[in-house]
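# Architecture at a glance
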Amino acid sequence: MTSATTPAVRTAKERRRLGSLAWHAGALAVLAVVLYPVVWVIGASFKPSKDIIASLDLLPTEPVWSNFSGLADGISGISIGSFFWNSLMYAVLAVVGVVVSSSLTAYAFAKIGFAGRNLLFTLMIGTLLLPYHVLLIPQYVLFRNLELTDTLVPLVAGKFLATEAFFVFLMVQFMRGLPRELDEAAKLDGCGHLRTYWSIVLPLSRPAIITSAIFTFINAWNDFMGPLIYLNTPEKYTVSLGLMMFRDQEGVSNYGSMIAMSLVALVPVIAFFMAFQRYLIDGMATSGLKG
Amino acid sequence: MGTSRNVERRTILKVAGASAATLGLGATTACGGDSGSGDGTVTLRYAWWGGEPRTIAIKKTIDLFEKKYPKIKIKPEFTDYEAFWEKFQTQASGGNPPDVFQNAVGFLRKYDKRGVLMDLKPQADAGNLSLENFRNGVLANGQVDGKQIAIPVGANTMALVIDLKAFKKAGVEPEFGWTWDEYFEALQTIQDKLKIAGDTGYFAIMYLYDLYLRQNGKAFFTDSDLGFTEDDLTQWWEDGYKRVRSGLVADPKKVEQVKPKSALSAGLAASEFTWDNFSIRYEGEGESDYGLAPIPTTDGKATGQYLGSLMLSAFSGTKHPKEVAQFIDFMVHDPEVGKIMGYDRGILATSEQYDAFTPTDDNNKGVKAYEEEVAEAGVLGKITPHPSGADVVESAFLRLGGEVAQGKTKPADAAKALFSEAKAAFAG
Amino acid sequence: MTLVKEAPARPARKRPAAPAAGRRGRRRENLAGYLFMSPWIAGFLLLTAGPMIASLYYAFTSYNLFTPPKWVGLDNFTTMFQDPRWQKSVEVTLKYVVVATPLKLLLALGVALLLAQSRRGQGLYRAAFYMPSLIGASVSVGFVWRALFSDDAIVDRGQKVFGIDVGGWIGNPDYILYALVALSIWQFGAPMVIFLAGLKQVPRELYEAAEVDGAGPFRRFWNITLPMISPVLFFNVLLESIHAFQVFGSAYVVSDTRCGPADATLVYTCYLYQKGFKEAQMGFASAMAWTLVVAVGLVTAVLFWSQKKWVHYEEAAK
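Residues numbered from 1 in each chain as written. Chains lettered and ligands numbered in written order. Predicted model: local features only at pLDDT ≥ 70, side-chain atom pairs only at ≥ 80, totals over all residues.

### With respect to the overall build of chain A
Scanning chain A from N- to C-terminus turns up 15 helices and 0 strands. Over its C-alpha atoms chain A spans a radius of gyration of 25 Å, topping by over 25% the 19 Å that the globule rule assigns to 291 residues. Principal-axis analysis of the C-alpha atoms places the extent of chain A at approximately 75 × 70 × 35 Å. Evaluated residue by residue, chain A yields a buried proportion of 52% over its 291 residues. By sequence separation, contacts in chain A at least 24 residues apart represent 74% of the contacts at least 6 residues apart. (Helix = DSSP H or I, 4+ residues; strand = E, 2+ residues; numbered from the N terminus. Rg over C-alpha atoms; globule rule 2.2 N^0.38 Å. Buried ≥ 20, exposed ≤ 12 C-beta atoms within 10 Å, placed from the backbone. Contact = placed C-beta atoms within 7 Å.)

### Concerning the overall build of chain C
Of the regular secondary structure elements, chain C holds 14 helices and 2 strands. Its C-alpha atoms give chain C principal-axis dimensions of about 70 × 60 × 35 Å. In chain C, which comprises 318 residues, the share counted as buried stands at 48%. Counting contacts in chain C only where the partners sit at least 6 residues apart, residues at least 24 apart contribute 68% of the total.

### Concerning the domain arrangement of chain C
Along its sequence, chain C is organised into domain 1 (1-49) and domain 2 (84-317). Computed over C-alpha atoms, the centres of domain 1 of chain C and domain 2 of chain C are 35 Å apart. (Domains from an automatic or database assignment.)

### Points about the interface of chain C and chain A
Contact residues are listed per partner, giving 85 residues for chain C and 73 residues for chain A. Per-element accounting of the side of chain C that touches chain A gives the leading share, 20 residues, to helix H2 (residues 23-58) of chain C. The residue inventory of the side of chain C that touches chain A, partitioned by class, reads 61 nonpolar, 18 polar and 6 charged. (Nonpolar A, V, L, I, M, F, W, Y, C, P; charged D, E, K, R; others polar.)

### Side note on helix H17 (residues 411-427) of chain B
Residue and element names in this part refer to chain B. Counted at 1.5 Å a residue, the expected span for H17 with its 17 residues is 24 Å, and the 24 Å between its end C-alpha atoms agrees. Along H17, the residues classified as buried are Pro411, Ala414, Ala415, Leu418, Glu421, Ala422 and Ala425. For H17, the angular spread of buried residues about the axis comes to 130 degrees, placing them on one side. On its buried face, H17 is in contact with helix H9 (230-245) and helix H16 (390-405). (Expected span 1.5 Å × (residues − 1). Arc of directions from axis to C-beta.)

### Some points on the packing of helix H5 (residues 80-111) of chain A against helix H9 (residues 165-177) of chain A
Residues and elements named next belong to chain A. Two numbers describe how H5 lies on H9: the axes approach to 8 Å, and their chain directions differ by 50 degrees. Between H5 and H9, the angle falls in the class oblique. As H5 runs across H9, the sense of the crossing is right-handed. Packed against H5, whose contacting residues are Val98, Ser102, Ser103, Thr105, Ala106, Tyr107, Phe109, Ala110 and Lys111, the element H9 presents Phe167, Val168, Met171, Val172, Met175 and Arg176 at the interface. Class assignment of the residues belonging to the contact of H5 with H9 gives a composition of 10 nonpolar, 3 polar and 2 charged. (Axes fitted to C-alpha atoms, helices over the stretch in contact; angles between N-to-C directions. Parallel < 35°, antiparallel > 145°, perpendicular 65-115°, else oblique. Left-handed = near helix turned anticlockwise from the far one by under 90°.)

### Details of the interface of chain A and chain B
Often, the extent of an interface is quoted as the loss of accessible area upon association of its parts. Contact with chain A, which involves 20 residues of that partner, is made by 25 residues of chain B. Looking at which element gives the most residues to the side of chain A that touches chain B, the answer is helix H7 (residues 133-145) of chain A, with 5 residues.

### Structural notes on unusual backbone geometry
Residue Pro260 of chain B is bonded to the preceding Lys259 of chain B through a cis peptide linkage, with omega at 10 degrees. Position of Pro260 of chain B relative to the elements: it lies in the loop between helix H10 (252-258) and strand S10 (269-275). The omega torsion of the bond from Gly260 of chain C to Pro261 of chain C falls at -5 degrees, within 30 degrees of zero and hence cis. When you line up the elements, Pro261 of chain C lands in the loop between helix H12 (249-254) and helix H13 (268-278). Unlike most non-glycine residues, Asp256 of chain C shows phi in positive territory, near 55 degrees. Within the fold, Asp256 of chain C resides in the loop between H12 and H13.

### Comments concerning the sheet that holds strand S11 (residues 290-293) of chain B
All names here are of chain B. Overall, mixed pairing links the 4 strands, which are arranged S9-S10-S8-S11 in an open sheet. Pairing within the sheet leaves two strands with one partner each, and these edge strands are strand S9 (197-199) and S11. Each adjacent strand pair in this sheet contributes to an overall mean axis angle of 25 degrees, direction not counted. Both S9 and S10 contribute to a ladder of 2 bridges, which runs parallel. Within S10, the residue paired with Ala197 across the bridge is Ala269. (Pairing = 2+ DSSP bridges.)

### A few points about the pairing of S10 of chain B
All names here are of chain B. Of all 7 residues in S10, 6 are buried; the element is thus mostly enclosed. The pairing of strand S8 (residues 158-163) with S10 spans 5 bridges and is antiparallel. In the strand pairing of S10, Val161 is matched with Glu272.

### Things to note about the sheet that holds strand S12 (residues 310-314) of chain B
Residue and element names in this part refer to chain B. If you trace the 5 strands from one edge of the open sheet to the other, you get S2-S1-S3-S12-S6, paired in mixed fashion. Each edge of the sheet is formed by a strand with only one pairing partner; in this case those strands are strand S2 (72-79) and strand S6 (151-152). For S6 and S12, the ladder comprises 2 bridges, and the chain directions are antiparallel. Bridge pairing in S12 places Ile151 opposite Leu312. Its contacts with the sheet place helix H2 (residues 52-68) against strand S1 (42-49) and S2, and it is angled at close to 170 degrees to S2.

### Focus on the confidence of the model for chain C
Regions with low pLDDT should not have their predicted coordinates read in detail. Residues and elements named next belong to chain C. Averaged over all residues, the pLDDT of chain C equals 89, while 92% of them reach at least 70. In the model of chain C, helix H1 (residues 2-14) stands out as the element of lowest mean pLDDT, 39, in contrast to helix H8 (residues 176-186), which has the highest, 97. Note on residues 1-20: pLDDT under 50 across the span, and 23 contacts to partners over four residues away in sequence or across chains. For this predicted complex, the interface score ipTM comes out at 0.91, while the overall pTM is 0.90. (pLDDT = per-residue confidence, 0-100.)

### Comments concerning the domain arrangement of chain A
Residues and elements named next belong to chain A. Each assigned domain of chain A is listed with its residue range as follows: domain 1 (2-70) and domain 2 (77-290). Contacts between domain 1 and domain 2 engage 12 residues on the former and 8 residues on the latter. Put simply, the parts of the chain that give the side of domain 1 that touches domain 2 at least two residues each are helix H2 (12-44) and helix H4 (66-72). The element contributing the most residues to the side of domain 1 that touches domain 2 is H4, with 4 residues.

Here's what the structure looks like:
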């Protein structure tokens, strides 16, 4: 590309500078498009409702706080805080469930030579590719018959039972990469599997566990279909459902606050991301590489 | 038998039952999750659909009820119309619907057939609920096969909501008994003079087509089927699509995108057909003034209108039938409740509440005046039946009408699709 | 087949299943294995295998949730294949998968190639580009998307500059699906990160050797980069297309819960949801779900079969 327009006499230094310029121009262009929606929602939540769609200015000329103060009186008498609390409960339970059950399962796959391991591993990978929707209806019928709808149980049960194959897979890959000398040494010291798991493999697998925990948290926070199907009482709604309730109760009369709440709902995810982006990106990268 | 053993056995049974039922081997036996506690306090779940103003008003009436009946606690659940019926269906199927809930004519037979609705007559006979003082015979709206499975809280009728400023500017004056031709001519005048569409998409509204059919001696539903032919509907939709093309009806793309706001309050068109009690929303949403106008007629007289109702129903399996009846009784008869609710769910159904509420704002006054006018005109007929599955047909009608408007489906194909979907809905 | 077979086989090869301790030791290993696995096994039986069998059974029944399922044989499938809305949902989903997945992966690969050069700010860009993958599935972003693609909003005004006025994408059945495609492409960061990791594994000597041979950048990409990252490409194609088949939340929120207008965003799962949870036709919905399983299975099988022809597993890449 550059060589076509470059005069024959051009020092290597100049060429490098030009290349660097093009690189940054390209990267910045992508950045602008990627960040636009995020900057937009920040700007929009400080605009009066009627300007949000029509005004092209990314940032408001005169920022208003009314959209946020409108959140304080809740939606139809239910405080916004309760949605965040419910989402937090859901996310925390999900994280605990995934970390405990997936690491146990992964340990078995990675470190114990039991009969039938390869078959089970294949099944596990199979569930990774299985469309979730085939399970939707029977699971609903099951939890309904157990009278567990309108609770968090249907949402987190699978997390405690290691059905999140992706994280099991991630941890298996990680545990396999740990030096075998360590658990062999533990065995010589007379440690059983439980001890080896608890005192050696688990602490060493911290990066994989943190990655899984954060992904689980974010997935639970964003989850929409699960709460949509299982939760009924507005007081039990998570943030996703709270937003949808905002839409049907005040989406017209109070559009600005709906956008403001959308922004607030994104904050935990973005904060987590900023704090832990290394873990997330490395985790993602490993999953693809070792596959 | 000790309590703990009881619990244990119950849990085991539940698990066993659940796994059997997952495979569809067992029928559902679960019962309502509500319960009474030691001191005799009873908790009832009460669910409705609607926007924020309704929610706030209902919550006030609940407070009032709990003050009067300190032993009964009410747990509110609310959402929008579509989500309400999705939730209701799945809950009811699990034997766990709310104890009391808002209901509409189109759902009565469906849930009666499934055994979900309580016959409230025995409760009335027991003196827990009064069936007296209902105005204009609306109590009949909640009756199916001699059972009283719903109690009306209000009465409403279809109306034409118009943008008063636009109509005035164009010099158009709606009149009782005006014909469809006159109506569309008026829209043409508006389009010519103001360069906005006249209507927002009348032909996708099932309840308006019902009125049109009633004007012509038919009705949308018979006891168990559709009351018109595929050709009738093809014609109706062809006319409608023509009017979209000519700009008489607003561009469906724009109508679609302002949702959930109505296209009338968004200023896309000058009029819209809807239930008269809904007209209250427009003032809050839009910038113009809005009023109610008469339904166009075929013969210069009959509008085909009738009084419909939003109602309250109770779950047949509720553990507290008496308290449920008392609650419904309070909600439909208490004058204070009437004052709080106003005409949000239609003109108040009982004379106690009707007399207690005097509308002070233009909207409520307008609704009252409109229903009085309609009553005086003597055009109100009897409500026609809504078979089980009417709700599914209504949403199919809306969706297919939308496809016709967008030019995505030919009217004849859409009519054919409606008939086949209706067939499945009636069978289900 | 790496994904399924090689991964478990590798360590097994290195380490014989039974250590010297003999039969008792092996039995103890088995016991320990199954104890550690017990949550997964319970989950697999209760929440995966059981429900799969149940939904397979439902698929051959008429089941409205209220009365027990009634065996109807193949009725659901014959009705389904003739149902114009089902056909429409297949059409919408295929269009979405076929348009969104390649574009997203192309962008991901392109940006990964850009970011693979070590330059200042590279880590920051990588992080920023990855972020949409985390928030893209949220209801919030669905709302934002609806706003951005509305009449008179940024996209519409941008289009009008070029003299194209479609009145916003959201209300237009010919365009709204592309708003969803855009939302999917916006989340190119996840596959990009995987591409980047793959690119970093390509031995530099290969490029140096090619440069000596006088290969230009395009040749180097075609002959070295592409074959070397083909396993990663395969992984991305597989996961992204399987995900695309299952899109629900964004279609539901961006279309304001109706998956319209005129069924233009009636993706497969949205129709499944409507049939199951709105119309309570659980038998029909289960038949749909199983059809999806078979379709996704076929796509997976075809991809695995085709990888023999284009995926190179070099020792170096491992």
